[in-house]
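# Coordinates in review
For reference, the chains in residue letters:
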Amino acid sequence: MKLVDFNQEQTLITPPKMIIIYELAFKFVKNEGFRKFMEDVQPKFKILSRVTIARYCMHVFNDEKEKLKHVLSANKQMVSLTTDTWTSIQNMNYMCVTAHYIDEGWALNKKNIEILFDF
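First, a word on what this report is: a plain description of the structure on this page. Everything numeric in this text was worked out from a predicted model, so none of it was measured.

## Some thoughts on the packing of helix H2 (residues 14–21) against helix H4 (residues 50–74)
Two elements in contact, H2 and H4, have axes separated by 9 Å at closest approach and are oriented at 80°. Taken together, the axis directions place H2 and H4 in an arrangement best described as roughly perpendicular. Of the residues in H4, those in contact with Pro15, Pro16, Lys17, Ile19 and Ile20 of H2 are Ile53, Tyr56, Cys57 and Val60. The residue inventory of the contact of H2 with H4, partitioned by class, reads 8 nonpolar, no polar and 1 charged.

Structure follows, in structure tokens:
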């Protein structure tokens with residue numbers, strides 16, 4: 001078995017990425033099952049508050065946005081934009097702008113580049 005040094009700072013980005021990928025509520029980190037799992041996996045890991053998780057989600061968003069800017073500026077192909085709008089049960093309006101492009105490996109990519117609400 002290979003031992004790995006624990007680094008709290010390096011591990012901080014993983015729960016926000018999980019929340020983004022699976023579209024979980026920020027309060028998921030307070031879930032008893034999640035807390036027990038993290039305690040068993042890495043007892044040294046300090047569970048973040050939902051406010052801190054939300055802040056880290058914005059960091060992930062901004063980092064991914066910069067990476068996408070680089071990819072799109074290096075991509076000499078076309079980018080197609082689509083929009084989708086909807087209204088929540090709280091009567092808030094949302095609009096999502098999605099970029100579709102083909103990368104150098106001929107794979108179709110779809111990235112949400114902006115989400116607006118109450119526009």
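## Some points on the sheet that holds strand S3 (residues 108–117)
Strand order in the open sheet formed by 3 strands is S1-S2-S3, with antiparallel pairing between adjacent strands. Every interior strand has two partners, whereas the edge strands, strand S1 (79–87) and S3, have only one. Going across the sheet, the axis of each strand differs from the next one's by a mean of 20°, ignoring polarity. Its contacts with the sheet put H4 on S1, strand S2 (93–102) and S3, and the angle it makes with S2 is roughly 45°.

## Focus: H2
Along H2, the residues classified as buried are Pro15, Pro16 and Ile19. Down the axis of H2, the buried side of the element spans an arc of 100°, and every buried residue falls inside it. Phi for Glu23, located one or two positions after H2, is positive at around 55°.

## Describing the packing of aromatic side chains
Where two aromatic rings form a pair, the distance of their centres and the angle of their planes describe that pair. Applying the stated criterion to the full structure yields 2 aromatic pairs. Note on Phe28 and Phe34: the rings are 5.3 Å apart at their centroids and 50° apart in plane angle, and the pair reads as tilted. Phe34 gets classed as buried once you look at its relative accessible area, which sits at 8%. Summarising the aromatic geometry, the rings of Trp86 and Tyr94 are spaced 5.6 Å apart at their centres and angled 10° between planes, so their arrangement reads as stacked. The partly exposed category is assigned to Trp86, whose relative accessible area is 39%. Overall, the relative accessible area of 21% leaves Tyr94 in the partly exposed class.

Each value, and the rule that gives it
Residues numbered from 1 in each chain as written. Predicted model: local features only at pLDDT ≥ 70, side-chain atom pairs only at ≥ 80, totals over all residues. Heavy atoms only, no water. Axes fitted to C-alpha atoms, helices over the stretch in contact; angles between N-to-C directions. Helix = DSSP H or I, 4+ residues; strand = E, 2+ residues; numbered from the N terminus. Parallel < 35°, antiparallel > 145°, perpendicular 65-115°, else oblique. Contact = heavy atoms within 4.5 Å. Nonpolar A, V, L, I, M, F, W, Y, C, P; charged D, E, K, R; others polar. Pairing = 2+ DSSP bridges. Buried < 20%, exposed > 50% of the residue type's maximum accessible area, 1.4 Å probe, protein only. Arc of directions from axis to C-beta. Phe/Tyr/Trp six-rings, centres within 6.5 Å; stacked < 30°, edge-to-face > 60°.

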